[in-house]
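Remarks on the overall topology
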Amino acid sequence: ACHTSGMGKTVTVDILAADKIAVMTLNDPQKLNALTLPVAGDFMEAVRSLRERVSVEDIRAVVLTGAGRAFSAGGDMEWLAERGRG
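Calculation notes
- Residues numbered from 1 in each chain as written.
- Predicted model: local features only at pLDDT ≥ 70, side-chain atom pairs only at ≥ 80, totals over all residues.
- Heavy atoms only, no water.
- pLDDT = per-residue confidence, 0-100.
- Helix = DSSP H or I, 4+ residues; strand = E, 2+ residues; numbered from the N terminus.
- Polar contact = N/O pair within 3.5 Å; in protein donor to acceptor, adjacent residues only side chain to side chain.
- Contact = heavy atoms within 4.5 Å.

Time to look at the confidence of the model for the chain. This prediction gives the chain a mean pLDDT of 85; 90% of its residues lie at or above 70. Within the chain, no element has a lower average pLDDT than strand β1 (residues 2–6), which sits at 52, and none a higher one than strand β4 (residues 61–66), at 94.

What follows is the structure in C-alpha cells.
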C-alpha cells in the first residue's frame, strides 16, 4: 500500500508501507528544486511529520529525490540575490 501525504507545497512524502520505504520529494521542478528558506522549512516540516507518523520499525529507508529533471540545483541564486538586497 502507498500512503501519500503532501507536507508543504515544495516537499511531499510518500510512504510505501509494504516495502517500508518513505520517499521525500523536492517538488519545484521549474526551479530545478533549488533550495530556499521556504523549501528548507517545508523539508524540516516533512521530516517532523514523518517522525510523528511512523515508528523506526515501520520504515527501513528514506529516499530523498527531486521532481523533474534534477535532484536539486543547490541554492536558488535569484532568491539569495533578493535576500542580499533586502
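Before going further, it helps to spend a moment on the side chain of Thr10. Topologically, Thr10 is positioned in the loop between β1 and β2 (11–16). Looking at Thr10, its side chain comes within polar contact range of the side chain of Asp42, at 2.6 Å. The residues touching Thr10, leaving out its near neighbours within four places in the chain, are Thr25, Leu26, Asn27, Pro38, Val39 and Asp42.

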